[in-house]
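Structure assessment
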Amino acid sequence: LYRRRTRRASLTNLPGPEPESFLLGNLRQFYQGQAGEADFKWQASFGHMLSIRGVLGENCLFVSDPKALQHIYHSGYVFRKHVIRKELTRLVAGKGIIWADTDDHKRQRRVILPAFGASETKALLPYFSEFAALLVSKWKEIIGVGSSATLDMPSWMSRTTLDVIGQAAFDYQFHALEDKDSLLRQAFVKVAGETFGRPSKKAIFIQNILQYAPTPLIVYLFGHASAFEQARETTRLAQQVSRDLIDTKSEAFMQGAGGRDVMSLLVKANLKEKNSQGLTDEEMLAAMQTIMGAGHETTATTLTWTLYELAKSPDLQAKLRHEVKDMEKAIGGADFSAANFESMPYLQAVMKEALRMHPVSYYGLREAARDDVIPLSKPIMLRDGSVVKEVPVAKGTTVYISIAGYNRNEDVFGKDVHRFKPERWLDEAVPRKGATAVGVYGNMMTFGSGVRSCGYFYRLLEYQTILVQLMKNFEFSVDASIVNKIRRDAALVMQPIIEGEYEKGPQLPLRVSLVSTD
Ligand code: HEM
């Protein structure tokens with residue numbers, strides 16, 4: 001412990017906030033505040049490369065500098081997943097692609113990612129449209145003619161995207177929109193908040209001090225601690241559904257048959273690989289669990305935040321609806337294609353702005369697998385007054401990646417970064433020419449970067465299909481009293497909650513009315 005702590009001494013000279021205590025350093029501010037809250041404050045005071053304190057005075061890097069991020073994410077596995085983050089992901093997604101590192105990770109990615117390619121995803125568009133249309137008809141039933149209703153967005157969006165992922169990935173009907181709400185969806189809804197949201201000081205200390213323990217002990221403790229019971233229950237339910245699916249479809253799977261669904265493509269890809277290069281049964285189960293979990297709450301939450309921003313800005317909403325209506329006329333009322341979406345600049349700008357402002361996965365946690373030197377976009381002044389253009393890090397250094405913070409870096413995204421302003425993507429030519437290439441989409445970090453980045457094409461097409469259907473049919477508004485109470489809950493993923501109603505889980509009620517037909 002002493003050796004690990006002193007090896008990180010090079011960071012003490014970096015600018016950064018004073019620790020609140022020796023035991024917790026700055027971690028209470030980071031883990032107990034809203035998502036991005038500490039990041040924005042620290043960046044305003046200390047810039048984009050700083051040092052914060054972890055437990056027992058540990059020096060950690062806190063990064064939102066573009067060049068530093070590019071280096072970290074494009075150095076293969078030099079900045080590997082931090083042991084604590086890795087073992088937490090094992091709890092909710094098994095020993096799958098999100099957990100694996102180096103060669104195991106490469107192998108799993110080679111089998112899984114092709115199933116989410118552009119042409120594979122385009123074949124799934126009819127499913128996206130089908131469930132978007134079902135959502136519209138459900139809301140029309142509730143609203144009735146000429147009136148409006150207050151609807152809770154996280155619940156509706158997550159039921160829609162769960163139905164989509166069921167059909168698109170597994171050729172399986174969850175019937176979540178049909179009110180046959182499953183135990184599995186309820187578990188998915190609860191898992192982030194109950195497992196990771198609002199940790200007590202004691203929980204922050206224990207989770208972080210465990211990095212010094214041997215991995216088998218961490219695995220044992222995470223596997224038995226009562227705080228993680230909801231995560232274990234979600235895993236049990238997801239694995240049960242996955243096993244049932246494998247049983248009922250195994251015949252077709254074994255013959256490499258099946259439909260256009262992601263799982264069939266994945267099984268076919270797996271059969272093609274030589275034995276040692278394919279997925280084991282355990283990894284296949286983990287892949288299903290990952291796709292089920294990562295595959296619906298993320299997109300649902302992004303849609304929720306988008307609708308919230310549009311509800312707060314009726315003029316932006318009207319502009320988007322205008323573009324949607326024009327396109328609808330231009331294609332004679334046919335279903336929108338991927339090419340139609342791509343030729344709608346305001347839709348693209350709204351989508352990018354929502355992804356920039358509200359990255360569901362708002363931070364990453366990595367550790368240096370060896371000593372390294374991280375380059376910076378701009379020189380920084382150290383506490384002793386010297387100026388440096390790079391920062392040496394020792395093996396074992398904990399690195400906080402501020403995704404929320406990088407997405408609001410003015411050098412990359414222009415002025416007013418804390419404002420929802422889709423126009424920046426149109427008029428201000430953001431991201432700036434010559435900006436360091438960091439993220440895979442719009443140069444944002446929302447989908448990560450490098451060897452672990454998210455295959456985003458599927459997410460964007462599903463998102464656009466649902467958003468366009470909703471804009472065509474409904475107008476959204478939000479009560480001022482709600483706006484004041486909405487919080488971006490920091491629960492490993494960023495969820496909307498209402499202040500004072502934390503125990504109810506994610507909520508964001510919007511007033512929904514039918515679009516006038518004039
Ligand atoms: C708006 C929606 C989404 C966002 C913002 C998002 C964000 C991310 C981010 C930031 C990462 C990188 C994590 C890291 O660096 O360790 C990631 C990885 C991943 N995402 Fe997504 N995601 C979204 C939707 C989805 C969907 C719909 C699926 C599946 C259907 C999915 C599957 C995955 C997988 C499998 C990985 C792991 C890749 C790897 O480790 O190689 N994501 N996602």
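Our subject is the structure that appears above.
Remember, it's a predicted structure, so these values are computed and weren't measured experimentally.

Reading guide: rules and limits
- Residues numbered from 1 in each chain as written.
- Predicted model: local features only at pLDDT ≥ 70, side-chain atom pairs only at ≥ 80, totals over all residues.
- Heavy atoms only, no water.
- Donors = N, O, S within 2.8 Å, 3.2 Å for Na, K, Ca; no water.
- Helix = DSSP H or I, 4+ residues; strand = E, 2+ residues; numbered from the N terminus.
- Expected span 1.5 Å × (residues − 1).
- Buried < 20%, exposed > 50% of the residue type's maximum accessible area, 1.4 Å probe, protein only.
- Arc of directions from axis to C-beta.
- Contact = heavy atoms within 4.5 Å.
- Core = buried A, V, L, I, M, F, W, Y, C linked by side-chain atoms within 4.5 Å.
- Salt bridge = Lys/Arg side-chain N within 4 Å of Asp/Glu carboxyl O.
- Pairing = 2+ DSSP bridges.
- Axes fitted to C-alpha atoms, helices over the stretch in contact; angles between N-to-C directions.
- Near = heavy atom within 4 Å.
- Polar contact = N/O pair within 3.5 Å; in protein donor to acceptor, adjacent residues only side chain to side chain.
- Nonpolar A, V, L, I, M, F, W, Y, C, P; charged D, E, K, R; others polar.

Quick notes on the coordination of the iron atom of the ligand
- No protein donor other than Cys454 (SG) coordinates the iron atom of the ligand, and that contact is at 2.3 Å.
- Take Cys454: it is sitting in the loop between α22 (424-427) and α23 (457-473).

Some details on helix α17 (residues 314-330)
- With 17 residues, α17 extends 24 Å from end C-alpha to end C-alpha; this agrees with the ideal 24 Å at 1.5 Å per step.
- Taken together, the buried positions of α17 are occupied by Leu316, Gln317, Leu320, Arg321, Glu323, Val324 and Met327. Down the axis, α17 shows its buried residues gathered within 155° of arc, on one side only. Across α17 from its buried face, at more than 90 degrees, point the exposed residues Pro314, Asp315, His322, Lys329 and Ala330.
- Structurally, α17 contributes buried residues whose contacts are with α16 (297-312), α18 (338-342), α19 (345-357), α23 and β9 (474-477).

Notes on the nonpolar core
- Residues Trp139, Met157, Tyr400, Leu467, Leu470 and Phe476 are the most contacted members of the largest nonpolar core, which totals 157 residues.
- Setting aside anything within four residues of it in sequence, one finds Leu467 in contact with Leu303, Thr306, Leu307, Leu310, Leu320, Leu347 and Val350.

Digging into the pattern of salt bridges
- All chains considered together, the criterion is met by 24 salt bridges.
- In this structure, Glu328 engages Lys325 in a salt bridge whose closest nitrogen and oxygen atoms are separated by 3.9 Å. With Glu328 and Lys325 both in helix α17, this residue pair falls 3 residues apart, about one helical turn.
- Relative accessible area serves as the criterion here: at 31%, Lys325 is assigned to the partly exposed category.

Thoughts on unusual backbone geometry
- A positive phi angle, near 55°, is found at Asp171, a position not held by glycine.
- Inspection of the secondary structure assignment puts Asp171 in the loop between α9 (153-170) and α10 (183-196).

As for the pairing of strand β10 (residues 486-491)
- Buried residues dominate β10, accounting for 5 of its 6 residues.
- Bridging between β10 and strand β11 (residues 493-498) involves 6 bridges; their strand directions are antiparallel. Along β11, the bridge assignment pairs Arg487 with Ile497.
- Hairpin geometry of β10 and β11 is characterised by an intervening segment of 1 residue between the two adjacent antiparallel strands and by a positive phi of about 70° at Leu492.

Quick notes on the sheet that holds strand β12 (residues 509-514)
- The strand order across the open sheet formed by 3 strands is β4-β12-β9, and the pairing between neighbours is antiparallel. Two strands lie at the open edges of the sheet, namely β4 (148-152) and β9, each paired on one side alone. Each neighbouring strand pair of the sheet contributes to a mean axis angle of 35°, computed without reference to strand direction.
- α9 contacts β4, β9 and β12 of the sheet and is inclined by roughly 75° relative to β4.

Notes on the site of the ligand
- Taken together, 24 residues lie near the ligand, and His105, Arg109, Thr298, Cys454 and Arg459 sit nearest.
- Between His105 and the ligand, the recorded distance is 2.6 Å, taken from a side-chain N or O atom to an oxygen atom.
- In the model, an oxygen atom of the ligand is placed 3.2 Å from a nitrogen or oxygen of the Arg366 side chain.
- Of all the secondary-structure elements, those providing two or more residues to the shell around the ligand are α6 (102-112), α15 (281-294), α16 and α23.
- Broken down by element, the shell around the ligand gets its largest block of residues, 3 residues, from α16.
- Residues of the shell around the ligand, tallied by class, amount to 9 nonpolar, 10 polar and 5 charged.

These results come straight from atomic positions and should not be treated as a statement about function.
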